[in-house]
Amino acid sequence: MTEALVTGLVVFTLATFIGFEVINKIPPTLHTPLMSGSNAISGIAVVGALLVAGEENWNLTVILGLIAVILATINVVGGFLVTDRMLQMFKKKEGNA
Amino acid sequence: MNEFLPSAIQLSYLTASALFIIGLKQLGSPATARKGNGIAAIGMLIAVVATLLDRQILNYEMIAVAIAIGSIIGAVMAQRVEMTAMPQMVGLLNGFGGAASALVAVGEFWKYLDGAEFVPLSETITIVLSVLIGGITFTGSLLAFVKLEGWISGSPITFPFQQPFNLTLLALFLGAGGLLLINPHNTATFLVLVAISLVLGILFVLPIGGADTPVVISLLNSFSGLAASAAGFVLMNNMLIIAGALVGASGIILTQIMCKAMNRSLANVLFSAFGSAKTISGAGSDTAGDRTVHQIDPEEGAMMLGYARSVVIVPGYGMAVAQAQHTVRELADQLERLGVDVKYAIHPVAGRMPGHMNVLLAEANVPYPKLHDMEDINPEFERTDVALVIGANDVVNPAARHDVASPIYGMPILEVDRAHHTIVIKRGMNAGFSGVENELFYKDKTMMLFGGAKDVVEQLVSSVKEL
């Protein structure tokens, strides 16, 4: 179990560095879409929620899991759609310019 | 076959993680941003579908219902939200993400309770951590949302012994966490941990004022990612860890940019209750009593703008609140018709979240090559005939350059006072978010146009049309 924890830490640290590298130097124009888009990605908790909600028998774990699925799905769907809506405006404008 | 399915799921997770990274990378340039968002969304779809194949999942009906409910609410929110309300929207979504992560951890805890088997130490630690981060993200984001919606005052809320109180709570949390490690099946201790996490989230956002919202939203964005990562540790799921870490890093970068734009350290933003009554009285505000302002009417303003060679428009949140961005673009169109060179100067903390002003102007069809960042535009003010400040205040206060006693001293500003003339459209003489008096308004070269941003700009447009 501890071994898995260490592996997790390795993955976490490397992913954080990738995150810094990828997102650095992003122009201010895109800060808001970046935030709402990355926000949608943080809705990845939906995967965890699905695993927790998946048990066959009704119990507290399943109920909590289902609530988590609803919240995380709002996060994912709302986040990606609103980002797309914003970026659409940027695109339209580019055509005009 | 039995061996194949788990590997296939893991490989799908790897694919999803790669798509998230590619998507984020493409979000970094206006030309590819929309595609990048789509790629990340596909990654999410792959992750969800792969998870549904997992043998742990048995009650598909309820899950389908939950996903449907979430999708509908999310889609409606995304369609309905006003661009001015984007910070609230992101705040709320952060909160939901944090709550989901915390609930995953709570659910896992209950699973262990039922099983009554031996709980490994690392499992308890990750659950406690996940509950802490997720809980803080949840209530902190909800409070930020409520503040941004204006349901409660946006000004910092403080009470005596706030810091010692928070520290005591944190110590209590650590103590209770330790107890849980010794006895992992103690439900009461666990509930205390959940409660403290939720309270900490509120206490964390309570003392942070309106001017600092961009920082808080960015930081909570980072937290929502870390919460997902923590949930990933609980479930030992690498994809959750990776996706969460990416978002955590992105949020931290934005937080740093915002802090730099305000010349403040993160600790200062979080703990100083900036803009509260206490801070202002401490500031060496040499009162404005006997100084005078030059007031003009819209006709005069229109003359100045119409006969200028170059105009730089400095939009602030006041413009957005008044929903004046479309009228402002109309004014710019009219001025360009007269041959005036019009640019927009965007301060990094204009608006209520990073990049907010750019989105608002994009909505009003302002071409984004006309929007200039602070570093680009500042050297140009000396050659600018008229700087038109609409509903911005602290970000154009020259005191930031020279008045060491001012709370905003050292903050990078848009140097509109270097333009030949400055016109400031403002409702009245109220101080800005930071509660600081703005000496720009008393300069000889500064003309004040009092009134609501939308009304004044509309009058400017009709006067310019007659030129």
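Keep in mind that what you see is a predicted model, and the values were worked out from it rather than measured. (Residues numbered from 1 in each chain as written. Chains lettered and ligands numbered in written order. Predicted model: local features only at pLDDT ≥ 70, side-chain atom pairs only at ≥ 80, totals over all residues.)

The next subject is the overall build of chain B. When you go through chain B residue by residue, the secondary structure sums to 18 helices and 7 strands. Expressed along its principal axes, the backbone C-alpha trace of chain B runs to roughly 80 × 50 × 35 Å. Relative to its 467 residues, chain B shows a buried fraction of 54%. Look at the contacts in chain B between residues 6 or more apart in sequence, and 79% of them connect residues 24 or more apart. (Helix = DSSP H or I, 4+ residues; strand = E, 2+ residues; numbered from the N terminus. Buried ≥ 20, exposed ≤ 12 C-beta atoms within 10 Å, placed from the backbone. Contact = placed C-beta atoms within 7 Å.)

Further remarks concern the overall build of chain A. The helix and strand inventory of chain A stands at 4 helices and 0 strands. Its helices and strands in sequence order give chain A the pattern α-α-α-α, from N to C terminus. The C-alpha atoms of chain A give a radius of gyration of 18 Å, which is well past the 13 Å a tight globule of 97 residues would have. With the principal axes as the frame, chain A shows a C-alpha extent of 60 × 30 × 15 Å. Taking all 97 residues of chain A together, the buried fraction comes to 63%. Within chain A, contacts between residues separated by at least 24 positions form 57% of all contacts whose residues are at least 6 apart in sequence. (Rg over C-alpha atoms; globule rule 2.2 N^0.38 Å.)

Quick look at the nonpolar core now. Within the largest apolar cluster, 187 residues are counted, with the highest numbers of intra-cluster contacts made by A49(A), A68(A), V69(A), V314(B) and I390(B). By residue number, the principal contributor to this core is helix α4 (residues 60-96) of chain A, which donates 17 residues. (Core = buried A, V, L, I, M, F, W, Y, C linked by C-beta atoms within 7 Å.)

What follows covers the environment of L53(B). Tracing the chain through its elements places L53(B) in the loop between α2 (33-52) and α3 (60-80). Those residues in contact with L53(B) that lie beyond four places of it in its chain are L5(B) and I9(B).

This part takes up helix α8 (residues 213-235) of chain B. Residues and elements named next belong to chain B. Look at α8: 33 Å from first C-alpha to last across 23 residues, which is about the 33 Å you get at 1.5 Å a residue. For α8, the tally of buried residues reaches 23 of 23 residues, placing the bulk of the element in the interior. Of the residues trailing α8, M236 is marked for its positive phi of about 55 degrees. (Expected span 1.5 Å × (residues − 1).)

Right, let's talk about the packing of helix α2 (residues 31-42) of chain A against helix α9 (residues 238-261) of chain B for a bit. Between α2(A) and α9(B), whose axes approach to 9 Å, the crossing angle comes to 155 degrees. Considering the angle they form, α2(A) stands roughly antiparallel to α9(B). Note that α2(A) runs across α9(B); the crossing there is left-handed. Across the interface between the two elements, H31(A), L34(A), M35(A), S38(A), I41(A) and S42(A) from α2(A) touch A243(B), G244(B), L246(B), V247(B), S250(B) and L254(B) from α9(B). Along the lines of polarity and charge, the residues of the contact of α2(A) with α9(B) split into 7 nonpolar, 5 polar and no charged. (Axes fitted to C-alpha atoms, helices over the stretch in contact; angles between N-to-C directions. Parallel < 35°, antiparallel > 145°, perpendicular 65-115°, else oblique. Left-handed = near helix turned anticlockwise from the far one by under 90°. Nonpolar A, V, L, I, M, F, W, Y, C, P; charged D, E, K, R; others polar.)

Now for the sheet that holds strand β5 (residues 386-390) of chain B. Within a beta sheet, neighbouring strands are joined by backbone hydrogen bonds and run either parallel or antiparallel to one another. Strands sit in the order β1-β7-β6-β5-β2-β3-β4 (chain B) across an open sheet of 7 strands; the sheet is parallel. A strand with exactly one partner marks an edge of an open sheet, and here the two such strands are β1 (294-295) and β4 (371-373) of chain B. (Pairing = 2+ DSSP bridges.)

On the chain B side, the residues contacting the 80 residues of chain A number 98 residues. Listed by contribution, the elements that provide at least two residues to the side of chain A that touches chain B are α1 (2-23), α2, α3 (45-53) and α4 of chain A. In terms of residues, the side of chain A that touches chain B owes the most to one element, α4(A), which gives 33 residues.

On to the pairing of β5(B). Looking down a regular strand, the side chains alternate between one sheet face and the other. Residue and element names in this part refer to chain B. Judged by how many residues are buried, β5 sits mostly within the fold: 5 of 5 residues are covered. In β5, alternate side chains face the same way, and those of V386, L388 and I390 on one face and A387 and V389 on the other are all buried. By the bridge criterion, 5 bridges tie β5 to strand β6 (residues 421-426) in an arrangement that is parallel. Bridge assignment links L388 to a residue of β6, and that residue is I423.

All names here are of chain B. Two elements, strand β2 (residues 310-315) and strand β3 (residues 341-346), share 4 bridges in a ladder whose sense is parallel. Pairing of I313 across the sheet is with Y344, part of β3. Across 3 bridges, the pairing between β3 and β4 is parallel. Bridge pairing in β4 places A345 opposite H372. Considered for its hand, the β-α-β crossover made up of β3, helix α15 (residues 356-363) and β4 is right-handed. (Right-handed = clockwise from strand over helix to strand, strands pointing away.)

Residue and element names in this part refer to chain B. Along the chain, I377 turns up in helix α16 (residues 374-377). According to the C-beta neighbour criterion, I377 is buried, with 22 such atoms within 10 Å. I377 sits 31 residues away from I346 along the chain, and the two C-alpha atoms are 8.7 Å apart.

Another point: the confidence of the model for chain A. When the pLDDT values of chain A are averaged, the result is 87; 92% of them are 70 or greater. Segment residues 93-97 of chain A is flagged for pLDDT under 50; beyond a separation of four residues in sequence, or across chains, it makes 9 contacts in the model. (pLDDT = per-residue confidence, 0-100.)

Attention shifts here to the environment of F173(B). Residue and element names in this part refer to chain B. Position of F173 relative to the elements: it lies in helix α6 (residues 162-182). According to the C-beta neighbour criterion, F173 is buried, with 21 such atoms within 10 Å. Contacts of F173, omitting those with residues within four sequence positions, involve L132, L193 and I196.

So, about helix α14 (residues 325-337) of chain B. Between the first and last C-alpha of α14(B) there are 18 Å, a value that for 13 residues agrees with the 18 Å anticipated at 1.5 Å per step. Among the residues making up α14(B), those that are buried are Q325(B), T327(B), V328(B), R329(B), L331(B), A332(B), Q334(B) and L335(B).

Residue and element names in this part refer to chain B. A residue-level look at chain B finds 94% of positions with pLDDT of 70 or above and a mean pLDDT of 86. The least confident element of chain B is helix α11 (residues 277-282), whose mean pLDDT is 40; the most confident is α2, at 94. Within the model, the stretch residues 277-288 combines pLDDT values under 50 with 12 contacts to residues more than four positions away or in other chains. Interface confidence for the predicted complex, given as ipTM, is 0.92, next to a pTM of 0.86.

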